[in-house]
Amino acid sequence: MISLKERILELKKEKNAVILAHYYQVADIQDVADYVGDSLGLSQEAMKVDADIILFAGVHFMAETAKILNPTKKVILPDLKAGCSLAESCPPDLFKKFTEAHPDHIVITYVNCSAEVKALTDIVCTSSNAVKIVESIPKDTPIIFAPDKNLGKYIIEKTGRKMLLWDGSCVVHEAFSLDKLIALYKENSDAKIIAHPESETHILKTAAYIGSTAGMIEFVKTDPSKKFIVATEAGILHKMQQEVPNKILIPAPSEEDNTCACSECGYMKMNTLQKVYDCLLNESPEIKVPSDIMKKALIPIERMLELSK
(Lines give C-alpha, C1' and ligand atoms only; values in the text may rest on other atoms or scores of the structure.)
Protein backbone atom coordinates (compact mmCIF):
# COMPACT_ATOMS: atom_id res chain seq x y z
CA MET A 1 0.00 0.00 0.00
CA ILE A 2 1.33 3.41 -0.98
CA SER A 3 2.29 5.53 2.00
CA LEU A 4 1.12 9.09 2.69
CA LYS A 5 4.67 10.36 2.15
CA GLU A 6 4.83 8.66 -1.25
CA ARG A 7 1.46 10.13 -2.24
CA ILE A 8 2.70 13.61 -1.28
CA LEU A 9 5.84 13.16 -3.38
CA GLU A 10 3.74 12.02 -6.36
CA LEU A 11 1.34 14.95 -5.99
CA LYS A 12 4.26 17.35 -5.76
CA LYS A 13 5.54 16.21 -9.17
CA GLU A 14 2.07 16.12 -10.70
CA LYS A 15 1.28 19.69 -9.64
CA ASN A 16 4.77 21.16 -10.13
CA ALA A 17 4.83 22.11 -6.46
CA VAL A 18 7.63 22.74 -3.99
CA ILE A 19 7.44 22.21 -0.24
CA LEU A 20 9.31 24.64 2.02
CA ALA A 21 9.41 23.65 5.70
CA HIS A 22 10.67 25.32 8.85
CA TYR A 23 12.95 23.47 11.28
CA TYR A 24 10.12 23.50 13.85
CA GLN A 25 7.82 21.31 11.76
CA VAL A 26 7.24 17.68 12.75
CA ALA A 27 9.83 15.23 11.42
CA ASP A 28 7.50 13.63 8.83
CA ILE A 29 6.89 17.00 7.17
CA GLN A 30 10.58 17.89 7.16
CA ASP A 31 11.26 14.56 5.44
CA VAL A 32 9.00 15.35 2.43
CA ALA A 33 10.17 18.95 2.06
CA ASP A 34 12.35 20.18 -0.78
CA TYR A 35 14.01 22.63 1.58
CA VAL A 36 14.12 22.85 5.38
CA GLY A 37 15.48 26.00 6.97
CA ASP A 38 15.16 29.04 9.21
CA SER A 39 13.31 32.24 8.34
CA LEU A 40 16.19 33.77 6.38
CA GLY A 41 16.96 30.58 4.48
CA LEU A 42 13.29 30.06 3.67
CA SER A 43 12.95 33.65 2.40
CA GLN A 44 16.03 33.22 0.22
CA GLU A 45 14.78 29.87 -1.06
CA ALA A 46 11.33 31.32 -1.82
CA MET A 47 12.99 33.79 -4.21
CA LYS A 48 14.49 30.93 -6.23
CA VAL A 49 11.31 28.89 -6.63
CA ASP A 50 10.28 28.16 -10.23
CA ALA A 51 7.40 25.81 -9.34
CA ASP A 52 3.75 26.78 -9.89
CA ILE A 53 2.76 26.08 -6.29
CA ILE A 54 4.60 26.76 -3.02
CA LEU A 55 3.35 24.72 -0.09
CA PHE A 56 4.70 26.41 3.00
CA ALA A 57 4.93 24.09 5.97
CA GLY A 58 5.33 26.66 8.70
CA VAL A 59 3.17 29.43 10.13
CA HIS A 60 1.06 32.15 8.54
CA PHE A 61 3.58 35.02 8.47
CA MET A 62 6.13 32.77 6.72
CA ALA A 63 3.66 31.82 3.99
CA GLU A 64 2.76 35.51 3.61
CA THR A 65 6.45 36.34 3.09
CA ALA A 66 6.67 33.65 0.40
CA LYS A 67 3.59 35.14 -1.32
CA ILE A 68 5.03 38.67 -1.17
CA LEU A 69 8.21 37.38 -2.85
CA ASN A 70 6.19 35.36 -5.40
CA PRO A 71 3.05 37.37 -6.18
CA THR A 72 2.21 35.38 -9.33
CA LYS A 73 2.55 31.95 -7.72
CA LYS A 74 -0.02 30.06 -5.68
CA VAL A 75 1.12 29.83 -2.05
CA ILE A 76 -0.71 27.38 0.20
CA LEU A 77 -0.53 26.63 3.92
CA PRO A 78 -1.68 23.30 5.43
CA ASP A 79 -3.57 25.03 8.26
CA LEU A 80 -4.62 28.70 8.09
CA LYS A 81 -4.88 28.75 11.90
CA ALA A 82 -1.13 28.12 12.21
CA GLY A 83 -0.29 31.57 13.54
CA CYS A 84 2.47 32.96 15.75
CA SER A 85 2.27 34.33 19.30
CA LEU A 86 5.03 36.84 18.49
CA ALA A 87 3.30 38.14 15.36
CA GLU A 88 0.03 38.38 17.28
CA SER A 89 1.73 40.47 19.98
CA CYS A 90 2.11 43.28 17.42
CA PRO A 91 -1.31 44.33 16.02
CA PRO A 92 -0.86 46.51 12.90
CA ASP A 93 -3.18 49.32 14.06
CA LEU A 94 -1.34 49.74 17.38
CA PHE A 95 2.06 49.45 15.72
CA LYS A 96 1.10 52.15 13.20
CA LYS A 97 0.30 54.54 16.06
CA PHE A 98 3.59 53.62 17.73
CA THR A 99 5.67 54.38 14.63
CA GLU A 100 3.74 57.59 13.94
CA ALA A 101 4.59 58.77 17.46
CA HIS A 102 8.31 58.41 16.60
CA PRO A 103 8.56 59.68 13.00
CA ASP A 104 12.33 60.25 13.14
CA HIS A 105 13.05 56.57 13.83
CA ILE A 106 14.10 53.91 11.31
CA VAL A 107 11.74 50.95 11.76
CA ILE A 108 13.30 47.47 11.83
CA THR A 109 10.96 44.53 12.27
CA TYR A 110 11.81 40.92 12.89
CA VAL A 111 10.38 38.72 10.14
CA ASN A 112 8.01 37.13 12.70
CA CYS A 113 5.27 39.68 12.06
CA SER A 114 2.27 40.13 9.77
CA ALA A 115 2.44 41.49 6.22
CA GLU A 116 0.64 44.61 7.48
CA VAL A 117 3.39 45.27 10.02
CA LYS A 118 6.08 44.63 7.40
CA ALA A 119 4.35 47.26 5.24
CA LEU A 120 4.97 49.79 8.05
CA THR A 121 8.65 48.88 8.15
CA ASP A 122 11.87 50.28 6.66
CA ILE A 123 13.79 47.00 6.81
CA VAL A 124 13.02 43.46 7.92
CA CYS A 125 15.51 41.20 9.71
CA THR A 126 15.77 37.61 10.92
CA SER A 127 17.67 36.26 13.91
CA SER A 128 20.45 35.28 11.46
CA ASN A 129 21.08 38.82 10.25
CA ALA A 130 19.55 41.14 12.90
CA VAL A 131 22.89 42.32 14.31
CA LYS A 132 24.29 42.98 10.82
CA ILE A 133 21.21 44.94 9.80
CA VAL A 134 21.17 47.08 12.94
CA GLU A 135 24.88 47.80 12.46
CA SER A 136 24.16 48.93 8.88
CA ILE A 137 22.06 51.84 10.18
CA PRO A 138 24.00 55.10 10.78
CA LYS A 139 24.83 55.47 14.48
CA ASP A 140 23.06 58.80 14.83
CA THR A 141 19.78 57.39 13.46
CA PRO A 142 17.28 56.32 16.15
CA ILE A 143 15.77 52.84 15.71
CA ILE A 144 12.45 51.22 16.54
CA PHE A 145 12.82 47.44 16.83
CA ALA A 146 9.78 45.18 16.84
CA PRO A 147 8.12 42.94 17.75
CA ASP A 148 10.47 40.77 19.86
CA LYS A 149 11.80 42.55 22.94
CA ASN A 150 14.13 39.66 23.86
CA LEU A 151 15.82 39.66 20.46
CA GLY A 152 15.93 43.45 20.71
CA LYS A 153 17.69 43.33 24.10
CA TYR A 154 20.19 40.82 22.71
CA ILE A 155 20.95 43.09 19.72
CA ILE A 156 21.38 46.11 22.03
CA GLU A 157 23.91 44.13 24.08
CA LYS A 158 25.76 42.95 20.95
CA THR A 159 25.87 46.30 19.13
CA GLY A 160 25.74 48.88 21.92
CA ARG A 161 22.97 50.64 20.01
CA LYS A 162 20.03 52.22 21.79
CA MET A 163 16.72 51.05 20.33
CA LEU A 164 13.09 51.68 21.15
CA LEU A 165 11.62 48.21 21.66
CA TRP A 166 8.08 47.02 21.02
CA ASP A 167 6.86 44.91 23.94
CA GLY A 168 6.34 41.58 22.17
CA SER A 169 7.64 38.07 22.73
CA CYS A 170 7.41 34.42 21.68
CA VAL A 171 5.64 32.19 24.22
CA VAL A 172 7.78 29.21 23.19
CA HIS A 173 11.10 30.94 23.87
CA GLU A 174 9.81 32.50 27.09
CA ALA A 175 8.73 29.10 28.42
CA PHE A 176 12.20 27.81 29.31
CA SER A 177 12.73 27.24 33.02
CA LEU A 178 16.03 28.55 34.39
CA ASP A 179 15.83 26.35 37.49
CA LYS A 180 15.17 23.22 35.42
CA LEU A 181 17.90 24.21 32.96
CA ILE A 182 20.46 24.60 35.76
CA ALA A 183 19.42 21.24 37.24
CA LEU A 184 19.72 19.61 33.81
CA TYR A 185 23.14 21.16 33.29
CA LYS A 186 24.33 19.85 36.68
CA GLU A 187 23.40 16.36 35.47
CA ASN A 188 25.19 17.01 32.16
CA SER A 189 28.12 19.24 33.07
CA ASP A 190 29.98 18.12 29.93
CA ALA A 191 27.25 19.66 27.72
CA LYS A 192 27.22 23.08 26.07
CA ILE A 193 24.03 25.14 26.26
CA ILE A 194 23.02 26.75 22.97
CA ALA A 195 20.10 29.18 22.71
CA HIS A 196 17.98 31.18 20.30
CA PRO A 197 18.10 34.98 20.88
CA GLU A 198 14.30 35.09 21.27
CA SER A 199 14.89 33.51 24.69
CA GLU A 200 14.88 35.64 27.83
CA THR A 201 18.11 37.26 29.00
CA HIS A 202 18.58 34.94 31.99
CA ILE A 203 18.53 31.92 29.64
CA LEU A 204 20.94 33.57 27.18
CA LYS A 205 23.42 34.21 29.99
CA THR A 206 23.81 30.44 30.44
CA ALA A 207 24.56 29.81 26.76
CA ALA A 208 27.90 28.99 25.18
CA TYR A 209 26.39 29.92 21.82
CA ILE A 210 23.48 32.20 20.86
CA GLY A 211 22.16 32.20 17.32
CA SER A 212 19.44 31.46 14.77
CA THR A 213 18.18 27.94 14.20
CA ALA A 214 20.53 27.58 11.20
CA GLY A 215 23.37 29.03 13.28
CA MET A 216 22.73 26.54 16.08
CA ILE A 217 22.87 23.62 13.67
CA GLU A 218 26.14 24.89 12.22
CA PHE A 219 27.56 25.32 15.73
CA VAL A 220 26.88 21.73 16.83
CA LYS A 221 28.40 20.50 13.54
CA THR A 222 31.66 22.39 14.01
CA ASP A 223 32.09 22.46 17.80
CA PRO A 224 34.17 19.58 19.22
CA SER A 225 31.77 19.00 22.15
CA LYS A 226 29.78 15.79 22.10
CA LYS A 227 26.73 16.92 24.08
CA PHE A 228 24.46 19.96 23.76
CA ILE A 229 21.44 21.33 25.63
CA VAL A 230 19.32 23.07 22.99
CA ALA A 231 17.17 26.05 24.02
CA THR A 232 14.79 26.57 21.12
CA GLU A 233 11.65 24.89 19.79
CA ALA A 234 12.19 21.14 19.98
CA GLY A 235 11.41 20.54 16.29
CA ILE A 236 14.97 21.60 15.42
CA LEU A 237 16.32 18.41 17.01
CA HIS A 238 15.24 16.27 14.03
CA LYS A 239 17.40 18.07 11.45
CA MET A 240 20.15 18.74 13.98
CA GLN A 241 20.44 15.05 14.89
CA GLN A 242 20.65 14.12 11.20
CA GLU A 243 23.60 16.50 10.87
CA VAL A 244 25.38 15.19 14.00
CA PRO A 245 24.25 11.54 14.46
CA ASN A 246 27.08 10.81 16.90
CA LYS A 247 26.36 13.70 19.27
CA ILE A 248 23.90 13.87 22.16
CA LEU A 249 21.21 16.57 21.91
CA ILE A 250 19.02 17.40 24.89
CA PRO A 251 16.02 19.79 24.64
CA ALA A 252 16.08 22.59 27.20
CA PRO A 253 13.30 22.10 29.76
CA SER A 254 10.11 24.11 29.76
CA GLU A 255 8.13 25.49 32.69
CA GLU A 256 5.25 23.40 31.39
CA ASP A 257 4.84 19.83 32.60
CA ASN A 258 4.27 18.52 29.09
CA THR A 259 4.97 15.13 27.56
CA CYS A 260 8.41 15.92 26.15
CA ALA A 261 9.45 18.31 28.98
CA CYS A 262 10.61 20.61 26.17
CA SER A 263 9.26 23.76 24.60
CA GLU A 264 7.08 23.22 21.54
CA CYS A 265 5.15 25.66 19.35
CA GLY A 266 1.51 24.58 19.19
CA TYR A 267 1.06 26.65 16.03
CA MET A 268 3.94 24.93 14.22
CA LYS A 269 2.57 21.55 15.24
CA MET A 270 -0.88 22.32 13.79
CA ASN A 271 0.49 21.25 10.41
CA THR A 272 0.38 17.47 9.95
CA LEU A 273 1.39 15.14 7.15
CA GLN A 274 -2.29 14.50 6.36
CA LYS A 275 -2.93 18.26 6.15
CA VAL A 276 0.06 18.63 3.82
CA TYR A 277 -1.43 15.97 1.53
CA ASP A 278 -4.93 17.50 1.62
CA CYS A 279 -3.48 20.96 1.04
CA LEU A 280 -1.58 19.78 -2.06
CA LEU A 281 -4.53 17.78 -3.35
CA ASN A 282 -7.02 20.66 -3.03
CA GLU A 283 -4.48 23.47 -3.55
CA SER A 284 -5.91 25.21 -0.50
CA PRO A 285 -6.00 26.96 1.92
CA GLU A 286 -4.41 29.63 -0.27
CA ILE A 287 -2.55 32.64 1.13
CA LYS A 288 -3.89 35.98 -0.09
CA VAL A 289 -2.23 39.33 0.62
CA PRO A 290 -3.79 42.61 -0.59
CA SER A 291 -1.75 44.05 -3.48
CA ASP A 292 -1.08 47.39 -1.76
CA ILE A 293 0.23 45.63 1.37
CA MET A 294 2.26 43.26 -0.79
CA LYS A 295 3.99 46.12 -2.62
CA LYS A 296 4.83 48.01 0.58
CA ALA A 297 5.99 44.89 2.46
CA LEU A 298 8.21 43.76 -0.43
CA ILE A 299 10.50 46.80 -0.07
CA PRO A 300 11.82 46.05 3.47
CA ILE A 301 12.07 42.32 2.72
CA GLU A 302 14.17 42.98 -0.39
CA ARG A 303 16.38 45.36 1.62
CA MET A 304 16.99 42.56 4.11
CA LEU A 305 17.80 40.02 1.40
CA GLU A 306 20.16 42.47 -0.31
CA LEU A 307 22.05 43.02 2.97
CA SER A 308 22.17 39.26 3.60
CA LYS A 309 24.02 38.35 0.40
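Here the residue numbers are simple positions, counted from 1 along each chain's written sequence. Local features are withheld for residues below a pLDDT of 70 in this predicted model, meaning they are given only at 70 or higher, and side-chain atom pairs are given and counted only at 80 or more; totals for whole chains, interfaces and linings count all residues. Calculated side-chain values reflect all of the structure's heavy atoms, with hydrogen atoms and water omitted.

(A) Structural context of the sheet that holds strand β12 (residues 248-251). Strand pairing is defined by DSSP finding a minimum of two bridges between the two strands. Put simply, DSSP marks the helices as runs of H or I at least four residues long and the strands as runs of E at least two long, and each gets a number from the N terminus on. Taken together, the four strands give an open sheet; going across it, the order is β10-β9-β11-β12, and neighbouring strands pair in parallel fashion. Since the sheet does not close on itself, it has two edges, and those belong to β10 (209-210) and β12, each with one partner. Where strand β9 (residues 192-195) meets strand β11 (residues 227-231), four bridges bridge the pair, whose relative direction is parallel. Directly across from isoleucine 194, in β11, lies its bridge partner valine 230. On the sheet, helix α12 (residues 213-222) packs against β9, β10 and β11 and is oriented at approximately 160 degrees with respect to β9. When checking whether two residues touch, look at their non-hydrogen atoms; a contact exists if any pair is within 4.5 Å. Here the axes come from fitting lines to C-alpha atoms, over the contacting stretch only for helices, and the angles between their N-to-C directions go from 0 to 180 degrees.

(B) Region of the structure containing the environment of proline 91. With respect to the element layout, proline 91 can be found in the loop between α5 (85-88) and α6 (92-100). Expressed as a C-alpha distance, the spacing of proline 91 and serine 199, which sit 108 residues apart in the sequence, is 21 Å.

(C) Fine view of the sheet that holds strand β4 (residues 74-76). Strands sit in the order β2-β1-β3-β4 across an open sheet of four strands; the sheet is parallel. Each end of this open sheet is capped by a strand with a single partner; those strands are β2 (35-37) and β4. When the angles between neighbouring strand axes are averaged without regard to direction, this sheet yields 20 degrees. Sitting on the sheet, helix α3 (residues 39-48) touches β1 (17-22), β2 and β3 (53-57), and the angle it makes with β1 is about 165 degrees.

(D) View of the side chain of threonine 232. Mapping threonine 232 onto the fold places it in the loop between β11 and α13 (236-243). Per-residue accessibility, obtained with a 1.4 Å probe over protein chains only, is compared with the maximum for each type, and a residue is labelled buried under 20%, exposed over 50%, and partly exposed between these values. What makes threonine 232 buried here is its relative accessible area of 2%. In this structure the side chain of threonine 232 is engaged in a polar contact, spanning 2.8 Å, whose partner is the side chain of histidine 173. The residues contacting threonine 232, other than those within four sequence positions of it, are Tyr24, His173, Phe176, His196, Thr213, Met216 and Ser263. Between N or O atoms, a polar contact is any pair within 3.5 Å; within protein, one atom must be a potential hydrogen donor and the other a potential acceptor, and residues adjacent in sequence are included only when both atoms are from side chains.

(E) Summary view of helix α9 (residues 149-159). Residues Asn150, Leu151, Gly152, Tyr154, Ile155 and Thr159 constitute the buried set of α9. The backbone nitrogen of asparagine 150 has a side-chain oxygen 3.0 Å away, supplied by the residue at the start of α9, namely aspartate 148.

(F) Summary view of unusual backbone geometry. Note that the residue after alanine 146, namely proline 147, is joined by a cis bond; omega there is -5 degrees. Secondary-structure assignment places proline 147 in the loop between β7 (143-146) and α9. Of note, the phi angle at asparagine 16 is positive, near 50 degrees, even though the residue is not glycine. With respect to the helices and strands, asparagine 16 occurs in the loop between α1 (4-14) and β1. Within the chain, glutamate 283 stands out as a residue other than glycine whose phi angle is a positive 55 degrees.

(G) Just the pairing of β7, in detail. By the alternation rule, side chains of β7 split into Ile143 and Phe145 and Ile144 and Ala146, which are all buried. As paired elements, strand β5 (residues 106-110) and β7 share four bridges and run parallel to each other. Bridge pairing in β7 places isoleucine 108 opposite phenylalanine 145. Both β7 and strand β8 (residues 163-165) contribute to a ladder of three bridges, which runs parallel. Residue pairing for β8: isoleucine 144 is matched across the bridge by leucine 164. The β-α-β motif built from β7, the intervening α9 and the parallel element β8 has right-handed crossover chirality. For crossovers, right-handed means that the path from the first strand over the helix to the second runs clockwise, given strands pointing away from the viewer.

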